[in-house]
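# Chains, contacts and geometry: an overview
Single-letter residue listing:
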Amino acid sequence: MSKIKEFFTKHDLAHKLIAILMAIALWFIVVANNDDLMRTYTIANIPITYTNEDTLESDYGLRLIEGQDQMVTVKVTGPYASLSSLTTNDIQVRVNLANFQKPGTYTINTSSQSTNCTLIVNSSSVRESEISTPNSFQIVIDEVITKEVPVTIQVDGTPSTGYMYDDPEGEQDLVSVTGPKTVVNQIRKATAVVPAEDSTGLTKTTSVLASFTFLDEKNQPVDQTHLTSEPNDYSVTIPVYAVAKLPLTINLISSDTVDKNSVKATIDPQEIAVYGAEEVISKLTAISLGDLQLSTVSLDEDDPITIPIELPAGVTRVQGEATSAKVTIQAVGMSTREMPVTRITLQNSGSDPNLTATLRTTSVNIRIQAETAALANLTADAFHVIAVFNADELGPGIHEVPIEVQCEQLESSNSSFTLLNPDEKVTIEIKQTGETATTTPTEENETT
């Protein structure tokens, strides 16, 4: 401790420190508070203020489209104490747009002699002020025009699972856009964009507001800085529907020869996707193709029936889904065979003994469907074709008459069969007694 005290005493540091502090205090008293002593202060990033923009548009149909963000640096000279409290809010650099009455690019001189650029400093203590940089800057003024362009709608969001969005609907097909002529002339259409945050996960029809994006002929966005539109807020309605995949069904109606329980129906496609209001879709479990009379159906699996898919009211098929279905009816556990039968008998229910019938058909092709096991061992000889007619009613001449088919072997085993071509006919010739028949019938083919 004694050495430190000796050091301070030897170099007289205490008196020197006191002298420095007194000098600083004297500087603040004499210099900083002396209004006669001037200082220069530089303030940057002063924005340009444009006046009479309304007049420019209303009187001349023009608008400032470039130069709004122009900044300048200002130098001010005045007493130090006054300048230290000066801020950018105390300084304005104004450009009077009423001086420009035609579209074009203009150079604004920032010197003190400029008639278009005025520097205003709101401080009475400032002695001198000037714009130091830049020496000049440019503004662009263009003609303002309005035109109508078509609107397309773009929905960025996606629906919830089990729902779909139909084509969105806008409140109008055209929008009026106003702005600089050079920009507006580039516009070919407007896209009303519904952002994802407003259109994701909707489960019911919703109306939202969309913003416009204006596109040129290459579908590229134009500069929208100076554009306004009418309407400004564009309402878009997004129809939301419930979606379901529903099976197709058909109601089989039994006939005299075919029981619906002995056949199965195969439907192609098996299901279709449909949509509609949730309260409608939620009540559906299937789409019915209606009734099908088995008496009108061939049981040949290669002969499907095409049936239109009729949807209930309020239900619409999803795009790309089938409008008709192919229905194939097949006997369960049964097979189909086609064979020529030559054993043909004439059965005349008439009573005129003077009329004689002669068979002119030698073979009949029949298509039979029966249980696979029973049909496997049968040949054409097992079947008997009977031509049934009434000669009294038909009279002399050549006639086509219907047939019946019998199979004693199947009947004895209590197995049934179905004739798949019941409309097949044979040809007979009826003559009066004493006339010569066109063909010579066999003993079996004659009837009296």
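Calculation rules
Residues numbered from 1 in each chain as written. Predicted model: local features only at pLDDT ≥ 70, side-chain atom pairs only at ≥ 80, totals over all residues. Heavy atoms only, no water. Helix = DSSP H or I, 4+ residues; strand = E, 2+ residues; numbered from the N terminus. Buried < 20%, exposed > 50% of the residue type's maximum accessible area, 1.4 Å probe, protein only. Contact = heavy atoms within 4.5 Å. Areas by Shrake-Rupley, 256 points an atom, 1.4 Å probe, with all protein chains shown as cover. Pairing = 2+ DSSP bridges. Salt bridge = Lys/Arg side-chain N within 4 Å of Asp/Glu carboxyl O.

What follows covers the overall build of the chain. The helix and strand tally for the chain stands at 10 helices and 30 strands. Within the chain, the proportion of its 448 residues that are buried is 36%. A separation of at least 24 residues holds for 79% of the contacts in the chain among residues at least 6 apart in sequence. Summed over its atoms, the accessible surface of the chain is roughly 26100 Å², and 47% of this surface lies on carbon and sulfur atoms.

The pairing of strand 2 (residues 62–66) with strand 8 (residues 136–155) spans 4 bridges and is classified as antiparallel. If you follow Arg63 over to strand 8, its bridge partner there is Asp142. Relative to strand 8, strand 5 (residues 104–109) runs antiparallel, the two sharing 6 bridges. Bridge pairing in strand 8 links Gly104 to Ile141. Direction of pairing for strand 8 relative to strand 11 (residues 174–180): antiparallel, over a ladder of 7 bridges. For Pro150, the partnering residue across the bridge sits in strand 11 and is Leu174.

Moving on, we get to the pattern of salt bridges. The final tally for this structure, using the stated rule, is 4 salt bridges. With a shortest N-O distance of 2.8 Å, Arg63 and Glu57 are connected by a salt bridge.

By themselves, these are just geometric observations and shouldn't be taken as functional.
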